[in-house]
Amino acid sequence: MDCAKWTAVAGLCDDLMVDILSRLPVKDLRRSTCVSKPWRDLIADPLHRKKLPQTLEGFFHDGADGHSYVHFTSLSGRGESAPPVDPSFSFLTAKLPWVERMVLLDSCNGLLLFGCTRENKFGYIVCNPATEELVTMPASSGSCPPPSLTPLEDRTVDVCDGDTYAHTYLMFDPIVSSRFHLVQFWQDRSTFEVKTVHSYSSETRAWSDTSNKWEPGEERGGWGVLQGRGEAIIQFTRGRALVDGLLLFIEAVLLFMRGRALVNGLLHFVAYHYEEEENLIVAVDGEGTICRIICPPVKHVVAIAFIGQSQGHLHCISTNLQSQDFKFHFTQLSVWVLEDYDTQEWILKHNVSFSQLFGSLSCPIDNHDIVAIHPDHNSIILVQHWNQKLVSYAMDSKELRALCTLGEGYRSITPYVPYFMESPVLATKD
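None of these values were measured; they are calculated from a predicted model.

Remarks on the sheet that holds strand β6 (residues 133-138)
Spatially, 4 strands are ordered β3-β4-β5-β6 in an open sheet, and the strand pairing comes out antiparallel. Taken across any chain shown, the strands that pair with only one partner, and hence form the sheet edges, are β3 (101-108) and β6. Strand-to-strand twist in this sheet, taken as the mean axis angle between neighbours without regard to direction, amounts to 25°. Judged from the 6 bridges that link them, strand β5 (residues 121-128) and β6 form a sheet pairing that is antiparallel. Looking at β6, one finds that C127 is bridged to L134.

What about the sheet that holds strand β1 (residues 58-61)?
Strand order in the open sheet formed by 3 strands is β2-β1-β30, with antiparallel pairing between adjacent strands. Because the sheet does not close on itself, it has two edges, and the strands there are β2 (71-74) and β30 (413-416). Averaged over all neighbouring strand pairs, the angle between strand axes comes to 30°, with direction disregarded.

Describing the environment of E132
By the secondary structure assignment, E132 is in the loop between β5 and β6. Taking the C-alpha atoms as reference points, E132 and D86, separated by 46 residues in sequence, lie 9.9 Å from one another. Residue contacts for E132: discarding those within four places in its chain leaves F91 and K95.

Overview of the side chain of S107
Mapped onto the elements, S107 comes out in strand β3. Here P415 takes part through its backbone oxygen, which lies 2.6 Å from a polar atom of the side chain of S107. Setting aside anything within four residues of it in sequence, one finds S107 in contact with L112, T414 and P415.

Points about unusual backbone geometry
The backbone of N109 shows a phi angle near 50°, a positive value even though the residue is not glycine. Within the secondary structure, N109 sits in the loop between β3 and β4 (111-118). Residue classification places N109 among the partly exposed residues on the basis of a relative accessible area of 34%. Look at E132: it is not a glycine, yet its phi comes out positive at around 60°. Taking relative accessible area as the criterion, E132 reaches 37% and is therefore assigned partly exposed.

Analysis parameters
- Residues numbered from 1 in each chain as written.
- Predicted model: local features only at pLDDT ≥ 70, side-chain atom pairs only at ≥ 80, totals over all residues.
- Heavy atoms only, no water.
- Pairing = 2+ DSSP bridges.
- Helix = DSSP H or I, 4+ residues; strand = E, 2+ residues; numbered from the N terminus.
- Axes fitted to C-alpha atoms, helices over the stretch in contact; angles between N-to-C directions.
- Contact = heavy atoms within 4.5 Å.
- Polar contact = N/O pair within 3.5 Å; in protein donor to acceptor, adjacent residues only side chain to side chain.
- Buried < 20%, exposed > 50% of the residue type's maximum accessible area, 1.4 Å probe, protein only.

Below, the structure written as C-alpha coordinates:
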(Lines give C-alpha, C1' and ligand atoms only; values in the text may rest on other atoms or scores of the structure.)
Protein backbone atom coordinates (compact mmCIF):
# COMPACT_ATOMS: atom_id res chain seq x y z
CA MET A 1 0.00 0.00 0.00
CA ASP A 2 1.41 3.39 -0.95
CA CYS A 3 2.04 6.09 1.65
CA ALA A 4 -1.02 8.23 0.79
CA LYS A 5 -3.44 5.30 1.05
CA TRP A 6 -1.83 4.12 4.30
CA THR A 7 -2.17 7.59 5.80
CA ALA A 8 -5.86 7.73 4.82
CA VAL A 9 -6.54 4.31 6.35
CA ALA A 10 -4.64 5.24 9.51
CA GLY A 11 -6.63 8.46 9.80
CA LEU A 12 -9.89 6.55 9.37
CA CYS A 13 -8.85 4.08 12.07
CA ASP A 14 -7.94 6.95 14.40
CA ASP A 15 -11.35 8.59 13.90
CA LEU A 16 -13.07 5.28 14.59
CA MET A 17 -11.00 4.72 17.73
CA VAL A 18 -11.69 8.24 18.99
CA ASP A 19 -15.42 7.70 18.44
CA ILE A 20 -15.26 4.48 20.47
CA LEU A 21 -13.12 6.03 23.22
CA SER A 22 -15.46 9.02 23.47
CA ARG A 23 -18.16 6.69 24.79
CA LEU A 24 -16.04 5.48 27.72
CA PRO A 25 -16.20 6.89 31.25
CA VAL A 26 -13.25 9.10 32.14
CA LYS A 27 -11.80 6.47 34.50
CA ASP A 28 -11.75 3.82 31.76
CA LEU A 29 -10.38 6.33 29.26
CA ARG A 30 -7.42 7.05 31.52
CA ARG A 31 -6.77 3.34 31.91
CA SER A 32 -6.73 3.02 28.11
CA THR A 33 -3.59 5.16 27.95
CA CYS A 34 -1.72 2.21 29.49
CA VAL A 35 -2.69 -0.21 26.69
CA SER A 36 0.01 0.93 24.28
CA LYS A 37 2.01 3.98 23.21
CA PRO A 38 -0.16 4.55 20.08
CA TRP A 39 -3.30 4.58 22.27
CA ARG A 40 -1.66 6.96 24.73
CA ASP A 41 -0.62 9.32 21.92
CA LEU A 42 -4.07 9.12 20.33
CA ILE A 43 -5.78 10.10 23.60
CA ALA A 44 -3.26 12.84 24.37
CA ASP A 45 -3.50 14.43 20.90
CA PRO A 46 -5.03 17.93 21.34
CA LEU A 47 -7.14 17.42 18.20
CA HIS A 48 -8.77 14.36 19.73
CA ARG A 49 -8.78 15.30 23.41
CA LYS A 50 -11.67 17.73 23.07
CA LYS A 51 -13.87 14.96 21.66
CA LEU A 52 -13.17 12.71 24.63
CA PRO A 53 -14.87 12.81 28.05
CA GLN A 54 -13.48 15.38 30.46
CA THR A 55 -13.07 15.42 34.20
CA LEU A 56 -12.98 18.07 36.92
CA GLU A 57 -10.57 20.78 35.80
CA GLY A 58 -10.81 23.10 38.79
CA PHE A 59 -12.95 25.74 40.47
CA PHE A 60 -14.22 29.23 39.81
CA HIS A 61 -14.40 31.39 42.91
CA ASP A 62 -15.34 34.98 43.53
CA GLY A 63 -13.06 37.81 44.51
CA ALA A 64 -12.78 39.93 47.62
CA ASP A 65 -15.75 42.11 46.60
CA GLY A 66 -18.05 39.08 46.64
CA HIS A 67 -19.32 39.82 43.12
CA SER A 68 -16.72 39.03 40.47
CA TYR A 69 -15.94 35.51 39.35
CA VAL A 70 -12.50 36.28 37.99
CA HIS A 71 -10.46 33.56 39.69
CA PHE A 72 -9.86 29.99 38.62
CA THR A 73 -7.94 27.36 40.58
CA SER A 74 -6.81 24.27 38.71
CA LEU A 75 -6.62 20.83 40.30
CA SER A 76 -3.46 20.17 38.28
CA GLY A 77 -1.56 22.79 40.24
CA ARG A 78 -1.22 25.22 37.32
CA GLY A 79 -3.10 27.84 39.33
CA GLU A 80 -4.53 30.73 37.38
CA SER A 81 -1.71 30.85 34.81
CA ALA A 82 -3.49 28.51 32.38
CA PRO A 83 -7.25 28.34 33.04
CA PRO A 84 -9.20 26.17 30.57
CA VAL A 85 -11.53 29.09 29.78
CA ASP A 86 -11.49 32.84 30.33
CA PRO A 87 -12.50 33.18 34.02
CA SER A 88 -13.73 36.73 33.45
CA PHE A 89 -16.31 35.39 30.96
CA SER A 90 -15.69 38.35 28.67
CA PHE A 91 -17.53 36.60 25.83
CA LEU A 92 -20.77 37.01 27.80
CA THR A 93 -20.44 40.77 28.16
CA ALA A 94 -19.37 41.03 24.51
CA LYS A 95 -22.42 39.12 23.27
CA LEU A 96 -24.80 40.56 25.88
CA PRO A 97 -23.76 44.20 26.33
CA TRP A 98 -27.06 44.98 28.06
CA VAL A 99 -26.16 42.88 31.12
CA GLU A 100 -25.75 45.18 34.13
CA ARG A 101 -24.83 42.62 36.76
CA MET A 102 -23.99 38.94 36.51
CA VAL A 103 -23.52 36.28 39.21
CA LEU A 104 -22.45 32.66 38.71
CA LEU A 105 -25.03 30.41 40.39
CA ASP A 106 -24.38 26.82 39.35
CA SER A 107 -22.52 24.46 37.02
CA CYS A 108 -23.38 21.05 35.62
CA ASN A 109 -21.31 18.91 33.23
CA GLY A 110 -19.70 21.84 31.42
CA LEU A 111 -22.59 24.30 31.37
CA LEU A 112 -22.75 27.31 33.70
CA LEU A 113 -25.81 29.10 35.07
CA PHE A 114 -25.69 32.86 35.69
CA GLY A 115 -28.23 35.22 37.17
CA CYS A 116 -28.23 38.66 35.54
CA THR A 117 -30.04 41.99 35.61
CA ARG A 118 -31.21 44.19 32.76
CA GLU A 119 -32.96 47.49 33.49
CA ASN A 120 -33.89 46.24 36.96
CA LYS A 121 -35.34 43.03 35.51
CA PHE A 122 -33.92 39.69 36.52
CA GLY A 123 -33.10 36.81 34.20
CA TYR A 124 -30.80 33.87 33.61
CA ILE A 125 -27.98 32.87 31.26
CA VAL A 126 -26.93 29.29 30.53
CA CYS A 127 -23.65 29.08 28.67
CA ASN A 128 -20.79 26.80 27.68
CA PRO A 129 -17.56 28.77 28.27
CA ALA A 130 -15.54 26.22 26.26
CA THR A 131 -17.52 26.90 23.06
CA GLU A 132 -18.75 30.39 24.04
CA GLU A 133 -22.35 29.42 23.24
CA LEU A 134 -25.19 30.75 25.36
CA VAL A 135 -28.91 31.17 25.75
CA THR A 136 -30.84 33.63 27.89
CA MET A 137 -34.18 33.23 29.63
CA PRO A 138 -36.45 35.46 31.74
CA ALA A 139 -37.27 35.06 35.41
CA SER A 140 -39.68 32.30 36.37
CA SER A 141 -42.65 34.64 36.78
CA GLY A 142 -43.69 38.27 36.96
CA SER A 143 -43.73 37.97 40.74
CA CYS A 144 -40.14 36.77 40.86
CA PRO A 145 -38.38 39.00 43.41
CA PRO A 146 -35.56 41.21 42.11
CA PRO A 147 -31.93 40.23 42.71
CA SER A 148 -30.11 41.39 45.78
CA LEU A 149 -27.48 43.94 44.81
CA THR A 150 -25.36 43.20 47.87
CA PRO A 151 -23.43 39.99 48.54
CA LEU A 152 -25.49 37.38 50.36
CA GLU A 153 -24.10 35.06 53.02
CA ASP A 154 -25.54 32.11 51.10
CA ARG A 155 -24.43 32.41 47.49
CA THR A 156 -26.68 29.51 46.46
CA VAL A 157 -29.47 32.09 46.82
CA ASP A 158 -29.88 34.03 43.59
CA VAL A 159 -32.84 36.30 44.34
CA CYS A 160 -34.62 37.48 47.46
CA ASP A 161 -37.33 39.97 48.36
CA GLY A 162 -36.78 40.06 52.10
CA ASP A 163 -39.18 37.20 52.85
CA THR A 164 -38.35 34.70 50.10
CA TYR A 165 -35.19 33.16 48.71
CA ALA A 166 -34.99 31.46 45.33
CA HIS A 167 -32.49 28.64 44.81
CA THR A 168 -32.03 27.78 41.13
CA TYR A 169 -30.13 24.72 39.88
CA LEU A 170 -29.00 23.48 36.48
CA MET A 171 -29.57 19.91 35.24
CA PHE A 172 -27.59 18.79 32.16
CA ASP A 173 -26.37 15.33 31.18
CA PRO A 174 -24.85 15.34 27.66
CA ILE A 175 -24.72 11.54 27.57
CA VAL A 176 -28.52 11.43 27.79
CA SER A 177 -29.56 14.57 25.90
CA SER A 178 -28.39 17.97 24.72
CA ARG A 179 -31.34 19.55 26.53
CA PHE A 180 -31.11 21.11 29.99
CA HIS A 181 -33.51 21.98 32.80
CA LEU A 182 -33.56 24.57 35.57
CA VAL A 183 -35.26 23.73 38.86
CA GLN A 184 -36.05 26.62 41.18
CA PHE A 185 -37.16 26.42 44.83
CA TRP A 186 -38.73 29.41 46.55
CA GLN A 187 -37.95 29.14 50.23
CA ASP A 188 -39.40 31.13 53.13
CA ARG A 189 -36.62 33.09 54.78
CA SER A 190 -37.85 32.66 58.35
CA THR A 191 -39.27 29.12 58.35
CA PHE A 192 -37.02 27.70 55.57
CA GLU A 193 -40.03 25.92 54.10
CA VAL A 194 -40.24 25.51 50.33
CA LYS A 195 -43.19 27.63 49.21
CA THR A 196 -43.21 27.07 45.45
CA VAL A 197 -41.26 25.11 42.84
CA HIS A 198 -40.64 26.28 39.27
CA SER A 199 -38.96 24.48 36.40
CA TYR A 200 -37.61 25.52 33.00
CA SER A 201 -37.06 23.28 29.97
CA SER A 202 -34.74 24.20 27.11
CA GLU A 203 -37.04 22.17 24.87
CA THR A 204 -40.19 24.21 25.53
CA ARG A 205 -38.24 27.40 26.39
CA ALA A 206 -40.80 28.12 29.09
CA TRP A 207 -41.13 28.10 32.88
CA SER A 208 -43.81 26.12 34.67
CA ASP A 209 -45.01 26.33 38.26
CA THR A 210 -45.04 22.73 39.40
CA SER A 211 -46.18 23.35 42.99
CA ASN A 212 -49.91 23.47 42.23
CA LYS A 213 -49.85 19.90 40.92
CA TRP A 214 -49.49 18.50 44.43
CA GLU A 215 -51.64 20.66 46.69
CA PRO A 216 -52.61 18.12 49.35
CA GLY A 217 -55.89 19.59 50.55
CA GLU A 218 -57.13 21.51 53.55
CA GLU A 219 -54.01 21.10 55.70
CA ARG A 220 -51.56 22.40 53.13
CA GLY A 221 -47.92 22.61 53.72
CA GLY A 222 -45.49 24.39 51.48
CA TRP A 223 -44.76 21.60 49.03
CA GLY A 224 -46.63 18.37 48.45
CA VAL A 225 -45.47 15.69 46.04
CA LEU A 226 -46.52 12.29 44.80
CA GLN A 227 -43.78 9.74 45.21
CA GLY A 228 -43.85 6.54 43.21
CA ARG A 229 -44.73 3.18 44.61
CA GLY A 230 -46.99 2.95 47.67
CA GLU A 231 -48.79 6.25 46.94
CA ALA A 232 -46.47 7.98 49.39
CA ILE A 233 -47.31 11.67 49.48
CA ILE A 234 -44.43 13.56 51.06
CA GLN A 235 -45.05 17.16 51.98
CA PHE A 236 -41.98 19.17 52.80
CA THR A 237 -42.64 21.74 55.54
CA ARG A 238 -45.28 21.18 58.16
CA GLY A 239 -47.14 18.69 56.04
CA ARG A 240 -48.58 15.21 56.00
CA ALA A 241 -47.43 11.92 54.57
CA LEU A 242 -49.84 9.28 53.37
CA VAL A 243 -47.87 6.02 53.40
CA ASP A 244 -49.62 2.69 52.90
CA GLY A 245 -52.92 4.20 54.03
CA LEU A 246 -51.52 5.78 57.21
CA LEU A 247 -51.62 9.54 57.66
CA LEU A 248 -48.41 10.83 59.21
CA PHE A 249 -47.42 14.36 60.12
CA ILE A 250 -43.87 15.38 59.24
CA GLU A 251 -41.71 18.45 59.17
CA ALA A 252 -38.74 18.62 56.84
CA VAL A 253 -36.70 21.24 55.02
CA LEU A 254 -34.23 21.05 52.17
CA LEU A 255 -30.62 21.84 53.10
CA PHE A 256 -29.20 23.49 49.99
CA MET A 257 -25.73 24.03 51.46
CA ARG A 258 -25.04 20.28 51.76
CA GLY A 259 -24.29 19.75 48.07
CA ARG A 260 -26.32 18.18 45.28
CA ALA A 261 -25.81 15.32 42.84
CA LEU A 262 -27.17 14.55 39.37
CA VAL A 263 -27.50 10.75 39.29
CA ASN A 264 -29.82 8.61 37.16
CA GLY A 265 -31.35 11.73 35.65
CA LEU A 266 -32.45 13.03 39.07
CA LEU A 267 -31.07 15.93 41.11
CA HIS A 268 -30.44 14.92 44.72
CA PHE A 269 -30.54 17.19 47.80
CA VAL A 270 -30.19 16.70 51.54
CA ALA A 271 -33.28 17.26 53.68
CA TYR A 272 -33.70 17.33 57.45
CA HIS A 273 -36.67 15.56 59.05
CA TYR A 274 -37.55 17.41 62.26
CA GLU A 275 -39.75 14.77 63.84
CA GLU A 276 -37.26 11.92 63.30
CA GLU A 277 -34.26 14.22 63.83
CA GLU A 278 -32.42 12.74 60.89
CA ASN A 279 -31.31 13.54 57.36
CA LEU A 280 -32.91 12.22 54.20
CA ILE A 281 -31.87 12.49 50.56
CA VAL A 282 -34.52 13.79 48.16
CA ALA A 283 -34.34 13.12 44.41
CA VAL A 284 -36.04 15.63 42.09
CA ASP A 285 -36.63 15.37 38.33
CA GLY A 286 -36.38 18.13 35.73
CA GLU A 287 -39.99 19.17 36.37
CA GLY A 288 -39.36 19.73 40.08
CA THR A 289 -41.24 16.60 41.14
CA ILE A 290 -39.82 14.58 44.01
CA CYS A 291 -39.40 11.10 42.59
CA ARG A 292 -37.54 9.33 45.36
CA ILE A 293 -36.73 9.54 49.07
CA ILE A 294 -33.44 7.87 50.03
CA CYS A 295 -32.63 6.96 53.62
CA PRO A 296 -29.15 7.88 54.93
CA PRO A 297 -26.47 5.20 55.36
CA VAL A 298 -26.49 5.60 59.17
CA LYS A 299 -29.30 7.04 61.26
CA HIS A 300 -29.24 9.42 64.23
CA VAL A 301 -25.56 9.01 65.12
CA VAL A 302 -24.11 11.07 62.28
CA ALA A 303 -25.10 13.98 60.06
CA ILE A 304 -24.89 14.23 56.28
CA ALA A 305 -22.31 16.89 55.57
CA PHE A 306 -22.32 16.63 51.76
CA ILE A 307 -23.59 14.62 48.81
CA GLY A 308 -22.16 14.40 45.31
CA GLN A 309 -21.77 12.21 42.25
CA SER A 310 -18.56 10.26 41.69
CA GLN A 311 -17.82 7.51 39.17
CA GLY A 312 -21.48 7.23 38.28
CA HIS A 313 -22.74 6.67 41.84
CA LEU A 314 -24.36 8.82 44.51
CA HIS A 315 -21.87 9.52 47.32
CA CYS A 316 -22.68 10.70 50.82
CA ILE A 317 -20.16 12.18 53.28
CA SER A 318 -21.26 11.85 56.88
CA THR A 319 -19.66 13.25 60.02
CA ASN A 320 -19.72 12.26 63.67
CA LEU A 321 -20.81 15.16 65.86
CA GLN A 322 -19.68 15.88 69.39
CA SER A 323 -20.74 18.75 71.63
CA GLN A 324 -17.85 20.71 73.17
CA ASP A 325 -18.06 24.08 74.92
CA PHE A 326 -21.62 24.63 73.66
CA LYS A 327 -20.44 24.07 70.06
CA PHE A 328 -20.72 21.10 67.75
CA HIS A 329 -17.44 19.56 66.60
CA PHE A 330 -16.68 17.00 63.90
CA THR A 331 -14.58 14.06 65.06
CA GLN A 332 -14.74 11.73 62.06
CA LEU A 333 -15.56 11.82 58.37
CA SER A 334 -17.02 8.83 56.48
CA VAL A 335 -17.58 8.46 52.74
CA TRP A 336 -20.43 6.20 51.60
CA VAL A 337 -21.37 5.08 48.10
CA LEU A 338 -24.83 3.97 47.00
CA GLU A 339 -23.79 0.85 45.10
CA ASP A 340 -27.35 -0.30 44.35
CA TYR A 341 -29.70 2.60 43.67
CA ASP A 342 -32.83 0.44 43.59
CA THR A 343 -32.26 -1.37 46.90
CA GLN A 344 -30.64 1.71 48.53
CA GLU A 345 -27.64 -0.34 49.61
CA TRP A 346 -24.91 1.93 51.01
CA ILE A 347 -21.28 0.76 51.19
CA LEU A 348 -18.71 2.41 53.45
CA LYS A 349 -15.94 3.56 51.12
CA HIS A 350 -13.61 5.47 53.43
CA ASN A 351 -13.21 6.52 57.04
CA VAL A 352 -10.84 9.16 58.41
CA SER A 353 -10.62 10.92 61.77
CA PHE A 354 -10.08 14.65 62.02
CA SER A 355 -6.83 14.01 63.86
CA GLN A 356 -5.59 12.23 60.73
CA LEU A 357 -6.88 15.00 58.51
CA PHE A 358 -5.95 18.13 60.42
CA GLY A 359 -3.89 17.01 63.41
CA SER A 360 -6.58 17.77 66.01
CA LEU A 361 -9.03 15.47 67.74
CA SER A 362 -12.04 17.45 66.57
CA CYS A 363 -13.01 20.43 64.47
CA PRO A 364 -15.76 23.06 64.95
CA ILE A 365 -18.43 22.62 62.30
CA ASP A 366 -17.94 26.16 60.98
CA ASN A 367 -14.17 25.74 60.41
CA HIS A 368 -14.46 23.65 57.25
CA ASP A 369 -16.87 23.08 54.38
CA ILE A 370 -16.86 20.28 51.83
CA VAL A 371 -17.30 21.82 48.38
CA ALA A 372 -16.98 18.84 46.01
CA ILE A 373 -16.44 15.14 45.53
CA HIS A 374 -14.21 14.46 42.54
CA PRO A 375 -16.41 12.97 39.78
CA ASP A 376 -13.76 10.45 38.66
CA HIS A 377 -11.27 10.05 41.52
CA ASN A 378 -11.47 9.06 45.17
CA SER A 379 -10.88 12.55 46.51
CA ILE A 380 -12.73 15.31 48.36
CA ILE A 381 -12.31 19.07 48.04
CA LEU A 382 -12.65 21.16 51.21
CA VAL A 383 -12.30 24.80 52.14
CA GLN A 384 -10.57 25.69 55.43
CA HIS A 385 -12.23 28.89 56.58
CA TRP A 386 -9.71 29.57 59.32
CA ASN A 387 -6.88 30.09 56.80
CA GLN A 388 -8.98 30.55 53.63
CA LYS A 389 -7.34 27.64 51.83
CA LEU A 390 -8.89 25.29 49.30
CA VAL A 391 -7.52 21.78 49.91
CA SER A 392 -7.86 18.34 48.34
CA TYR A 393 -7.93 15.09 50.32
CA ALA A 394 -7.06 11.88 48.43
CA MET A 395 -8.75 8.85 49.99
CA ASP A 396 -6.38 6.32 48.42
CA SER A 397 -3.13 7.93 49.56
CA LYS A 398 -4.67 9.73 52.59
CA GLU A 399 -2.83 12.89 51.59
CA LEU A 400 -4.07 16.44 52.13
CA ARG A 401 -2.86 18.91 49.47
CA ALA A 402 -3.33 22.68 49.41
CA LEU A 403 -4.68 23.99 46.10
CA CYS A 404 -4.78 27.74 46.68
CA THR A 405 -5.50 30.54 49.14
CA LEU A 406 -8.89 32.03 48.35
CA GLY A 407 -8.44 35.32 50.16
CA GLU A 408 -11.07 37.30 52.04
CA GLY A 409 -14.58 37.78 50.74
CA TYR A 410 -15.13 34.48 48.94
CA ARG A 411 -18.68 33.13 49.16
CA SER A 412 -18.97 30.54 46.45
CA ILE A 413 -16.73 27.88 44.95
CA THR A 414 -18.04 26.42 41.70
CA PRO A 415 -16.57 23.22 40.18
CA TYR A 416 -15.94 23.14 36.43
CA VAL A 417 -15.78 20.17 34.03
CA PRO A 418 -15.11 21.30 30.42
CA TYR A 419 -17.51 20.26 27.67
CA PHE A 420 -16.19 20.96 24.17
CA MET A 421 -19.11 19.79 22.03
CA GLU A 422 -21.41 22.37 20.46
CA SER A 423 -25.04 22.29 21.57
CA PRO A 424 -28.16 22.99 19.46
CA VAL A 425 -30.03 24.39 22.49
CA LEU A 426 -27.45 27.12 23.13
CA ALA A 427 -27.99 30.05 20.78
CA THR A 428 -27.86 33.69 21.78
CA LYS A 429 -31.34 35.00 22.58
CA ASP A 430 -32.54 37.96 24.61
